[in-house]
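Residues per chain, in single letters:
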Amino acid sequence: MPPKRKATQEPDTLPKKESTKKDTKPFKDCPISKAYRFIEPGPLLLVTTGSLASKTHNIMTLGFHMMMQHESPPLIGITLGPWDASFKALKEKQECVLTVPSTEIAETVIDIGNISSDDLDSPSGKWERFGLEPLPAGKVQAPLVSGPHVMANIECVVEDMSMVKKYNMWVLRVVKAWENPMPDGGTMAHHCGQGVLVGDGLRLDFSHRMDKWQEFLDG
C-alpha cells in the first residue's frame, strides 16, 4: 500500500472568499401588505353620499383612490366596500362628492373616519357632531362640504361598477368641480397608512419641461 499523504493545512494567511451576496443596506424586508404605503400617498378625502334635500346625507373619510383618466371624461377610482355605511347610499344613488380638505382639519377628518353613521341616530349625524356645513351641489344630490379649510369639492356619478363585487373598486365620472382659492394655496394631507399623514412640502415646478404633455397643462 502506498503511504498515506499527510493532510495539508492551509495557512492562515490565505484570503477568505468574499460573499457573493450583495449588501442591501439600508434596505430591509418589508411585508407586501404594507407596500401600498409607498404608492398610495394621495390626498386624504372626505366622501359625501345620500341626499341633502331628504337629510340622508352622510360623510366618510377615504384614503384609497386614484386618477384613472384626465378627460373625455375625467374618471376617478375609489375603494369603498360594504363595511362602509356609504356603500349602500352610493349603490342606490349612483353619485357622490369627493372633498379635498387641507391639513388644518386633518384631525377632524381622522375623527370622522372613526365613526360610522350606522352608530348614530341619522346619516347626517356626523355633520352635526363635527360642525360641518353642507352646501347644495350643482349636479348631484349629495352635498358639498363648506368651510375655509376645504380646498375642493368634486361632484361625481358612478360610471362603472364592474369591479365593485370583486375589488370594491368604483369608477366615478366627474361632472362638476369646485375649488377654494386659498391665499397660500392650501396644504393637502397625504394618507400613508397606520394613521400617518404627510403634508405637502417642497414644490418643484417642471411644467416647462413637459414637452410631450403640453395639452394637459394650464394655458
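Up top you'll find the structure we're talking about.
Report follows, based on the coordinates. (Residues numbered from 1 in each chain as written. Predicted model: local features only at pLDDT ≥ 70, side-chain atom pairs only at ≥ 80, totals over all residues. Heavy atoms only, no water.)

1. Some remarks on the environment of Leu 132
- In this fold, Leu 132 is placed in the loop between helix H4 (125–129) and strand S6 (134–135).
- Assessed through its relative accessible area of 16%, Leu 132 is described here as buried.
- Along the primary structure Leu 132 and Ser 146 are separated by 14 residues, whereas in three dimensions their C-alpha atoms are 7.1 Å apart. (Helix = DSSP H or I, 4+ residues; strand = E, 2+ residues; numbered from the N terminus. Buried < 20%, exposed > 50% of the residue type's maximum accessible area, 1.4 Å probe, protein only.)

2. Here we look at the environment of Pro 73
- Residue placement: Pro 73 occurs in the loop between strand S3 (65–69) and strand S4 (75–79).
- Taking the C-alpha atoms as reference points, Pro 73 and Leu 172, 99 residues apart in sequence, are found 9.9 Å from one another.

3. Notes on the pairing of strand S5 (residues 95–101)
- With respect to burial, S5 is a largely interior element, 7 of its 7 residues being buried.
- When strand S1 (residues 45–49) meets S5, the two strands line up antiparallel, connected through 3 bridges. Bridge pairing in S5 places Leu 46 opposite Thr 99.
- In terms of strand pairing, S5 meets strand S8 (residues 150–160) through 7 bridges, oriented antiparallel. Considered in S8, the bridge of Pro 101 is made with Val 150. (Pairing = 2+ DSSP bridges.)

4. Brief notes about the packing of aromatic side chains
- Across all of its chains, the model carries 1 aromatic pair by this definition.
- We note Lys 176 situated over the ring of Trp 178; from NZ or CZ to the ring centre the distance is 4.7 Å. (Phe/Tyr/Trp six-rings, centres within 6.5 Å; stacked < 30°, edge-to-face > 60°. Lys NZ or Arg CZ within 6 Å of the ring centre and 35° of its normal.)

5. Considering the pairing of strand S9 (residues 169–179)
- The pairing of S4 with S9 spans 5 bridges and is antiparallel. Paired with Ile 78 across the two strands is Trp 170, which belongs to S9.

6. Notes on the sheet that holds S5
- On the basis of which strands lie adjacent, the open sheet formed by 7 strands has the order S2-S1-S5-S8-S9-S4-S3 and antiparallel pairing. Each edge of the sheet is formed by a strand with only one pairing partner; in this case those strands are strand S2 (58–62) and S3. Neighbour-to-neighbour, the strand axes of this sheet turn through a mean angle of 35 degrees, independent of strand direction.
- Here S1 pairs with S2 via 5 bridges, running antiparallel. Residue Leu 45 lies in a different strand from S2, and its bridge partner there is Leu 62.
- In the packing of helix H3 (residues 106–113) onto the sheet, contacts are made with S1, S2 and S5, and the angle to S2 comes to roughly 110 degrees. (Axes fitted to C-alpha atoms, helices over the stretch in contact; angles between N-to-C directions. Contact = heavy atoms within 4.5 Å.)

7. Regarding the environment of Phe 64
- Note on placement: Phe 64 falls in the loop between S2 and S3.
- Phe 64 sits in the partly exposed class, given a relative accessible area of 33%.

8. What about H3?
- Every buried residue of H3 is accounted for by Ala 106, Val 109 and Ile 112. Buried residues along H3 cover an arc of 120 degrees about the axis, so they all sit on one side.
- Along its buried surface, H3 packs onto S1, S2, S5, H4, strand S10 (189–191) and strand S11 (197–199). (Arc of directions from axis to C-beta.)

9. A closer look at the nonpolar core
- Residues Ile 78, Leu 98, Trp 170 and Leu 172 are the most contacted members of the largest nonpolar core, which totals 22 residues.
- For this core, the elements supplying multiple residues, two or more each, are S1, S2, S4, helix H2 (86–93), S5, S8 and S9.
- Considering each element in turn, this core owes the most residues, 5 residues, to S8.
- Not counting chain neighbours up to four residues away, the residues in contact with Trp 170 comprise Ile 76, Gly 77, Ile 78, Leu 80, Phe 87, Leu 90, Lys 91, Val 158, Asp 160, Met 161 and Val 164.
- Core analysis: the second largest hydrophobic core is formed by 10 residues, Leu 44, Ile 112, Trp 127 and Val 150 among them. (Core = buried A, V, L, I, M, F, W, Y, C linked by side-chain atoms within 4.5 Å.)

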